[in-house]
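Residues per chain are reported as follows:
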Amino acid sequence: MKEKSILEKYHKVAGRDVVEHLCQLAKPLKGLRVVHVNSTRIGGGVAEILQKMVPLMQELDIDTKWEVITGDSTFYQCTKSFHNAIHGNRVVIPENHFKIYEEINHQAAEAFRDTLKNADIVFIHDAQPAAIINDFPNHKGKWVWRCHMDASHPFRPVWRYLRDYISLYNASVFSIANFVRRLPRPAYLIAPSIDPLHEKNVELDKTEIDEVCSRFKIDKERLMLLQVSRFDRLKDPIGVIQAYKLVQDFMPNIQLVLAGGGATDDPEGELILNEVREAVKDDPNIKILLLPGDAHRTINALQRASDIVLQKSLREGFGLTVTEAMWKKKPVIGGDTGGIRIQVVNHHTGFLVNSPEGAALRIRYLLNNRHILDEMGKKAMSFVRENFLITRQLREYLTLIFALLHGTQERITLG
Amino acid sequence: MKSHRSDIEPFWVKDCALIAIATGKKAQNLRELREYLRDIDTNSIYYHFWGGLLRPRFDDPEYHNDFAIWVAHSLHHISLAERLAIIDPTNFETLEDLRSELINLIEDSLDETEFPKWAKRDDQFEYIRFQLVIFNTNISFGNPYEFSCLLPQVSLGSIFFHFIDSRHRNSNHIDDFRNWLLHFGEEYKNLINRIERIDPYFSSLAKLRHDLSQAFSDCVQGEGY
């Protein structure tokens, strides 16, 4: 039997009209040379999106390539510091780290020279390869810096350093308007998305969900609250436990699952994890699950097994875990911050909260009104289908390409 | 009903896609909102009234434009939000007229309050502009029967382009569907009236597509005509 094309697979989940729309939009871009550059092929949100975005663009007859910058441990230390600095943390970066950053970017520029020189459109993702452009002073294609981070309040000394490179780009792209840093060229807005066909998000049968629950000794008779996030102060796991305890006084039949990465390379992560363990004490109805980074199906099953998903962050980027939960028809109780605000709409797809008490109140409300919980879950899924699937993000990338090729005109009429 | 009129050009369906651009202009209170509103490009005003239909945004059943949504949710100024939400942009001849109305309402509210409310630092009103890419679909309709069969399958971008955006493009401020039907003289007068009654503003594009398809379908079946 003939293998289905990738686009065909999206017909069912995203809608035939959406896929047809993409095909029509892409027609004039046939043969265009597009290159994406990031820092990893596996792991992390950017790689996850590119794993699907690149073949989709290829299937639309756009000549799309994907290059990856690699460096030594000092390079990664440096770019990790950039990442933290863009998120507003004060960091100290030794002078030689900047030199190594520039050198690795120069080497990458040499390695990818032919591809980048001939490209019509170059997407450079995040800070790791941002300085490559320095080696292409007379580039003929359009270069775009795609920022996946919240750059609204960066640590200024590091931002000033990076801005010298970023200002060389023809345009930048940020996830939401709140994350934008003022730059000399247009800053486009493209929200992130989830891939409905990724293991994280595909439909699972009941047997698999049950197997995951029994593996972690999750009591199927109890109502289940879930937060999926690394053990980080800004994700407020302690606040989630407080909310759970406030609800437990009224509804003893609940359990809480906190699922996240082991964070063994993150000293603060270890500290927070210990605080969480201390807060849990010996409550058998709170499960702390340390899962490997590739436990996609397990996370998927946990999300599907839960009654309510929490993302009680104190600060958040876009919050794709919220999107993933909503895709599984779960209302989300989320912190009133960042991209959670765009996704969680009070009384419709979940609730925005500002305290453990607020979270507890909303949990009780939903668990006591099952029909409302179910209704909100359905609305949440439909909201994601319309707005946060990869097909929408692809459409916006294609639209952006037209915008880059046609300059600043407000209306671009093709054909 | 199924026949084509050789003297009338078929309706060629176009499609469109929108990309948003940050202007860098942000307001944290009503005064700032008004100051930027005075000279922001009309493209941005258009975006904050209509752009929500083509970009990720929840169809807020209470507030239908970005100004009202922000004033309600971020400034918690409900009375002004209500006044802003009830503005129907289709009632304004030009976007400049719409701008004046917005400024008037905000100024009235500022006159009533001594201390304007402030939004959180990370919850400011962000003025956004857009670029619109318009492209051919190679789909055409020769008569309302063909519309009734195929309209449910056209993209939401096409609905936006022909039913919303057209009101600003066409000198008579009506949508492309009615403009095309007008070529038939009195023949589709009832259908034109039915389409006129479809509210383009207080709805989603999916709902508009459904309502338009229903109107064409009822027309070819002779129901209500």
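Cut-off values and rules
- Residues numbered from 1 in each chain as written.
- Chains lettered and ligands numbered in written order.
- Predicted model: local features only at pLDDT ≥ 70, side-chain atom pairs only at ≥ 80, totals over all residues.
- Helix = DSSP H or I, 4+ residues; strand = E, 2+ residues; numbered from the N terminus.
- Buried ≥ 20, exposed ≤ 12 C-beta atoms within 10 Å, placed from the backbone.
- Pairing = 2+ DSSP bridges.
- Axes fitted to C-alpha atoms, helices over the stretch in contact; angles between N-to-C directions.
- Contact = placed C-beta atoms within 7 Å.
- Nonpolar A, V, L, I, M, F, W, Y, C, P; charged D, E, K, R; others polar.
- Core = buried A, V, L, I, M, F, W, Y, C linked by C-beta atoms within 7 Å.
- Parallel < 35°, antiparallel > 145°, perpendicular 65-115°, else oblique.
- Left-handed = near helix turned anticlockwise from the far one by under 90°.

*Asks:* Summarise the overall build of chain B; cite the residues concerned and give the values.
*Replies:* Counting its secondary structure elements, chain B contains 10 helices and 2 strands. Listing each helix as α and each strand as β along chain B from the N terminus yields β-α-α-α-α-α-β-α-α-α-α-α. Here the C-alpha coordinates of chain B stretch approximately 65 × 30 × 30 Å along the principal axes. Counting across all 225 residues of chain B, residues that qualify as buried make up 43%.

*Asks:* How would you explain the sheet that holds strand β6 (residues 187–189) of chain A if you had to name every residue and give the values?
*Replies:* Pairing is mixed in the open sheet, where 9 strands are placed in the order β2(A)-β1(A)-β3(A)-β4(A)-β5(A)-β6(A)-β1(B)-β2(B)-β13(A). At either end of the open sheet lies a strand with only one pairing partner, and these are β2 (63–68) and β13 (411–413) of chain A. Strand-to-strand, the axes of this sheet are offset by a mean angle of 25 degrees, without reference to chain direction. Sheet topology places strand β1 (residues 33–38) of chain A next to β2 of chain A; 6 bridges connect them, and they run parallel. Within β2 of chain A, the residue paired with N38 of chain A across the bridge is V68 of chain A.

*Asks:* Can you explain the interface of chain A and chain B? Please cite residues and give values.
*Replies:* The partner chain B presents 25 residues to the 37 residues of chain A that form the contact. Put simply, the parts of the chain that give the side of chain A that touches chain B at least two residues each are α2 (16–26), β6, α15 (370–387), α16 (390–406) and β13 of chain A. Per-element tally for the side of chain A that touches chain B: the top contributor is α16 of chain A, with 7 residues. Looking at the side of chain A that touches chain B residue by residue, the class counts come to 18 nonpolar, 11 polar and 8 charged. Examined bridge by bridge, β13 of chain A and strand β2 (residues 125–141) of chain B share 3 bridges and lie parallel to one another. If you follow T413 of chain A over to β2 of chain B, its bridge partner there is I134 of chain B.

*Asks:* Break down the environment of V37 of chain A for me, with residues and values.
*Replies:* Residue and element names in this part refer to chain A. Among the secondary structure elements, V37 is positioned in strand β1. C-beta crowding within 10 Å serves as the criterion here: with 26 such atoms nearby, V37 is assigned to the buried category. Along the sequence, V37 and A130 sit 93 residues apart, while their C-alpha atoms lie 9.2 Å from each other. For V37, the contacting residues outside a window of four places in its chain are E67, I69, F112, I124, H125, P129 and I132.

*Asks:* Give me the lowdown on the nonpolar core, citing residues and values where you can.
*Replies:* In terms of nonpolar packing, the biggest core is built from 187 residues, with F174 and L189 of chain A together with F160 of chain B touching the most fellow members. The biggest single contributor to this core is strand β1 (residues 11–27) of chain B, with 10 residues. Discounting chain neighbours no more than four positions away, the residues touching F160 of chain B are C16, L53, L54, D165 and L205 of chain B.

*Asks:* Go over the environment of R315 of chain A with me, naming the residues and quoting the values.
*Replies:* Residues and elements named next belong to chain A. Residue placement: R315 occurs in the loop between β10 (308–311) and α12 (320–327). Its 17 C-beta neighbours within 10 Å are what place R315 among the partly exposed residues. With residues near it in sequence (within four places) discarded, R315 still touches L234, T337 and G338.

*Asks:* Which residues make up the environment of N96 of chain A, and what are the values?
*Replies:* Residue and element names in this part refer to chain A. Mapped onto the fold, N96 is located in helix α5 (residues 95–111). Residue class for N96 comes out exposed when judged on the 10 C-beta atoms lying within 10 Å of it. Between the C-alpha atoms of N96 and D63, which are 33 residues apart in sequence, the distance is 38 Å.

*Asks:* Describe the packing of α2 of chain A against α16 of chain A, naming the residues involved and giving the relevant values.
*Replies:* Residue and element names in this part refer to chain A. For the pair α2 and α16, interaxial distance at closest approach is 10 Å and the crossing angle is 20 degrees. As far as their axial angle goes, α16 and α2 are roughly parallel. You can see that α2 and α16 cross each other, and the crossing is left-handed. Counting all contacts with α2, which are made through V18, V19, H21, L22, L25 and A26, the residues of α16 involved are T391, L394, R395 and L398. Taken together, the residues that form the contact of α2 with α16 break down as 7 nonpolar, 2 polar and 1 charged.

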